[in-house]
Amino acid sequence: MSTAKTSPELSDTEAAVESLGAETPPSGDLREEYEALADQVRKYRFAYYNEDAPLVSDAEFDRLYRRLEEIEALHPELVTNDSPTQEVGGEVSAAFAPVEHLQRMYSLEDVFSLDELDAWVRKAEASVANIAPGAKIKWLTELKIDGLAVNLLYRNGELVRAATRGDGTTGEDITHNVLTIKSIPRVLKGENMPAEMEIRGEVFIPSKEFARLNETMVEAGKAPFANPRNAAAGSLRQKDPEVTAQRPLSMYVHGIGAREGLSAASQSETYDLLKQWGLPTSPYYKVLDSYEEVLEFIATNGEHRHDLAHEIDGIVVKVDDFALQRALGHTSRVPRWSVAYKYPPEEVNTKLLDIRVNVGRTGRVTPYGMMTPVLVSGSTVEMATLHNQDVVKAKGVKIGDTVVLRKAGDVIPEIVGPVVALRDGSERDFVMPTHCPSCGTELKPAKEGDVDIRCPNAKSCPSQLRERVFHLAGRGAFDIEALGWEAAIALTQPAEPEVPPLTSEAGLFDLTVEDLADVRIERPKRVKGVVDGTELVPYFYSKGTAKKPSEPTATTRKLFTELEKAKTQPLWRVLVALSIRHVGPTAARALATAFGSMEAIRAASEEQMAHVDGVGPTIAAALTEWFAEDWHREIVDRWAAAGVRMADERDESIPRTLEGMTIVVTGTLPNFSRDEAKEAIITRGGKASGSVSKKTDYLVAGENAGTKLDKAESLGVPVLDEDGFRELLAGRLEEDQA
């Protein structure tokens with residue numbers, strides 16, 4: 001949540017005031033809006049900082065706060081000392097003893113776009129040029145941890161007090177609780193540390209631990225936390241330190257307040273010293289020489305923000321040199337030498353209207369939330385998966401809740417949890433159905449003790465067939481672009497005719513254009529642009545008129561062209577298209593490489609398949625079980641009869657240069673797609689793995705390689721670029737190293 005935002009350039013409102021040449025008195029409506037807005041911001045900030053129970057998303061708070069600033073810029077006479085824009089952070093709770101910081105803890109100025117960041121950087125550079133002509137700024141750039149700011153006071157190397165930031169001058173004494181955090185040392189090690197110093201940092205709960213913590217909260221009958229930040233804050237504000245000790249809290253230090261005799265000349269030098277003394281410093285910061293490198297740091301961490309140990313909501317950029325920091329100074333609320341760039345919001349609040357279930361291609365029944373549509377991460381979201389009934393219970397969500405919704409870029413939307421404080425008693429629990437909503441069959445666990453329940457009617461369940469048809473057209477299978485989600489529905493569950501064109505995927509390659517002429521689907525009927533009921537319309541053919549008969553659409557013609565092309569796909573893609581449980585691209589490639597044909601796979605024993613590297617006993621058992629069904633074998637037989645390729649032709653001219661090697665490909669390569677790179681490895685006898693370990697022989701790293709590159713370097717795994725990869729494929733790399 002933001003606590004301060006001051007743009008280094010004129011806002012639209014300020015520019016409008018300046019162009020008028022004089023201030024205009026606020027209207028009564030504007031004054032009322034301002035007073036109501038200030039009260040609203042105070043209420044939301046108190047809930048966030050003091051009660052650890054946010055009522056709105058960070059994005060909504062930022063929007064309200066910026067509107068408050070906009071009004072104040074236009075009418076500064078409205079600003080009073082108790083305006084939310086004139087204060088830092090929260091207030092001090094009466095539940096804890098107040099303590100004064102030796103040196104004030106400031107908030108950070110927030111910027112919400114790269115244009116605003118660019119303006120801030122240019123202003124800082126101009127100020128430094130005036131203060132110290134010729135000085136070169138080095139930017140200490142680090143992650144903005146979504147946690148709780150804490151101030152640690154050490155005297156002669158011993159931790160004597162810990163406090164929250166509070167209002168920046170006075171915080172809450174949480175010493176007993178902080179002493180339970182294992183990563184915070186009670187006594188520092190080493191020499192030459194100041195006799196007295198304040199260490200500033202952020203207490204957080206690691207992302208993986210947060211989900212487990214919420215599960216235990218719900219099991220204990222308590223409300224789950226809305227996000228990791230509030231879980232950390234709530235844990236530190238426990239009156240009983242034993243409760244805090246049970247919470248998975250961690251801390252990274254990111255600054256220093258009052259100190260005596262510290263000789264470091266920069267923030268980064270200080271981090272080195274703090275690490276030597278045993279304090280937990282973040283592994284994610286960098287000192288950069290140019291603004292272009294800062295932008296690259298922002299882009300890279302934005303793309304990989306959910307690969308990190310903890311949640312972040314932005315990047316902090318600081319002038320590294322202490323002398324320049326002192327020269328630049330502070331405003332009443334923020335340092336002029338540091339700024340926080342906030343990523344576009346990935347979490348918003350919305351209403352959970354209902355929880356329904358979907359039946360997947362393997363029969364798994366998955367609850368999902370239907371929500372009031374809301375814009376998040378650049379797209380409008382109204383549905384989000386809830387995985388299974390245990391997840392619904394663990395998240396503690398009820399139908400009718402206001403919920404926190406997260407969508408990270410292209411990642412599937414996720415309901416994080418409820419905003420418990422906004423419940424009014426009308427909410428109700430979700431009850432998992434006992435029978436399949438698609439075919440009426442009684443739902444059962446796949447095996448005893450399995451948390452997932454399934455519809456056992458795999459052959460005839462319309463929903464399972466629809467999902468399987470949609471899956472087999474995917475990029476990892478036959479790659480039939482014209483067979484999308486709506487087309488899969490039209491083929492398996494049309495409004496007309498009563499018997500759909502496909503009652504099994506076995507008949508997919510036997511379809512003709514004429515078979516689809518009578519397919520109708522239901523769509524909204526529009527009269528002069530207004531929806532007025534529904535109507536049945538042809539899906540694969542044009543509507544047609546008396547003068548122009550109905551005929552196949554361009555998309556329908558494309559579908560049949562792509563079906564012909566799909567028949568030539570390699571064996572591994574055919575295996576993926578069959579929707580055999582556990583058999584994804586990796587296992588399918590391994591099977592196709594080991595056996596070479598569908599006939600050989602069908603003839604292989606479970607033990608023979610289990611011994612294939614990348615398959616194992618679970619996948620082998622699933623294959624044996626799948627081929628035991630008559631209707632499954634019918635799919636393979638009918639596809640083969642229709643001309644689908646069931647065996648790979650091995651090019652004996654390709655040397656087996658990677659026999660016995662395990663290679664991981666990550667990032668973007670200029671001249672290889674991910675599938676092409678894997679294919680090149682496998683056809684040369686190598687194993688294309690998805691994760692880095694001590695058994696990895698090489699990591700091939702393209703642009704934006706991410707955490708796999710970090711792990712490879714830490715394990716000493718050789719790293720290759722695309723040129724090195726080509727040398728390896730050709731067998732020349734080993735020769736060169738020899």
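The coordinates are above.
Residues numbered from 1 in each chain as written. Predicted model: local features only at pLDDT ≥ 70, side-chain atom pairs only at ≥ 80, totals over all residues. Heavy atoms only, no water.

**Q** Hey, could you run me through the sheet that holds strand β8 (residues 250-259) in this one?
**A** Backbone-to-backbone hydrogen bonds join strands into a sheet, with any given pair of strands oriented parallel or antiparallel. Overall, antiparallel pairing links the four strands, which are arranged β5-β4-β7-β8 in an open sheet. Whereas interior strands pair on both sides, the edge strands pair on one side only; in this sheet they are β5 (158-164) and β8. The sheet shows a mean angle of 30° between the axes of neighbouring strands, direction not considered. Examined bridge by bridge, strand β4 (residues 148-155) and β5 share six bridges and lie antiparallel to one another. Paired with Tyr 154 across the strands is Leu 159, a residue of β5. The strands touched by helix α7 (residues 228-236) within the sheet are β4 and β7 (196-204), with β4 carrying the most contacts at an inclination of about 45°. (Pairing = 2+ DSSP bridges. Helix = DSSP H or I, 4+ residues; strand = E, 2+ residues; numbered from the N terminus. Axes fitted to C-alpha atoms, helices over the stretch in contact; angles between N-to-C directions. Contact = heavy atoms within 4.5 Å.)

**Q** Can you walk me through the environment of Tyr 343 in this structure?
**A** Among the structural elements, Tyr 343 can be located in the loop between β11 (338-342) and β12 (347-359). With relative accessibility at 11%, the residue Tyr 343 sits in the buried group. Along the chain, Tyr 343 and Val 717 lie 374 residues apart, while their C-alpha atoms are 33 Å from each other. Setting aside chain neighbours within four positions, we find Tyr 343 in contact with Ile 298, Asn 301, Gly 302, Arg 305, Ile 312, Asp 313, Gly 314 and Ile 315. (Buried < 20%, exposed > 50% of the residue type's maximum accessible area, 1.4 Å probe, protein only.)

**Q** What is the right way to look at the pattern of salt bridges in this model?
**A** Between side chains of opposite charge, pairing is possible as soon as their charged atoms come close. If you walk through the whole model with that rule in mind, you get 27 salt bridges. Close ionic contact of Arg 122 with Asp 118 constitutes a salt bridge, the shortest N to O distance being 3.0 Å. Taken together, the residues Arg 122 and Asp 118, both in helix α4 (residues 114-131) and four residues apart, mark about one turn of the helix. On the accessibility criterion, Asp 118 (27% relative accessible area) is partly exposed. (Salt bridge = Lys/Arg side-chain N within 4 Å of Asp/Glu carboxyl O.)

**Q** I would appreciate a short explanation of the nonpolar core in the present structure.
**A** Grouped burial of nonpolar side chains is what soluble globular proteins tend to show. Residues Phe 478, Ile 480, Leu 483, Leu 508, Phe 509, Met 598 and Trp 639 are the most contacted members of the largest nonpolar core, which totals 60 residues. With six residues, the top contributor of residues to this core is helix α16 (residues 571-577). When residues no more than four places from it in sequence are discounted, the contact partners of Leu 483 are Val 469, Phe 470, Leu 472, Ala 473, Ala 488, Leu 491, Leu 508 and Leu 559. Membership of the second largest hydrophobic core comes to 41 residues, among which are Phe 96, Val 150, Met 193 and Val 416. (Core = buried A, V, L, I, M, F, W, Y, C linked by side-chain atoms within 4.5 Å.)

**Q** Could you clarify how one ought to interpret helix α22 (residues 674-683) in this entry?
**A** Counting along an α-helix, one turn takes 3.6 residues, and residues three or four places apart therefore face a common direction. Three or more residues of α22 are buried, namely Ala 677, Ala 680, Ile 681 and Ile 682. After α22 finishes, the residue Gly 685 shows a positive phi value of roughly 90°.

**Q** Just checking my understanding: could you explain the packing of aromatic side chains for this structure?
**A** Geometrically, a pair of aromatic rings is defined through the distance of the ring centres and the angle of the planes. On inspection of all chains with the given rule, the structure shows 11 aromatic pairs. Ring centres 6.1 Å apart and planes at 55° place the aromatic pair Trp 120 and Trp 139 in the tilted group. Placement of the pair is Trp 120 in helix α4 and Trp 139 in strand β3 (residues 139-145), with a sequence separation of 19 residues. Residue Trp 139 is classed as buried on the basis of its relative accessible area of 2%. Where Phe 672 meets Phe 725, the ring centres are 5.3 Å apart and the plane angle is 65°; that geometry is what we call edge-to-face. Taken together, the residues Phe 672 in the loop between β21 (662-666) and α22 and Phe 725 in helix α24 (residues 722-729) connect sequence positions 53 residues apart. Among the residues examined, Phe 672 registers a relative accessible area of 16% and is labelled buried. (Phe/Tyr/Trp six-rings, centres within 6.5 Å; stacked < 30°, edge-to-face > 60°.)

**Q** Help me understand unusual backbone geometry in this model?
**A** Peptide bonds are, in most cases, trans, and in most cases residues other than glycine have a negative phi. Residue Pro 497 is bonded to the preceding Glu 496 through a cis peptide linkage, with omega at 0°. The residue Pro 497 is located in the loop between α14 (485-492) and β19 (520-527) in this model. Residue His 387 is not a glycine yet carries a positive backbone phi of 70°. Checked against the element boundaries, His 387 lands in the loop between β14 (379-385) and α12 (389-395). With relative accessibility at 37%, the residue His 387 sits in the partly exposed group.

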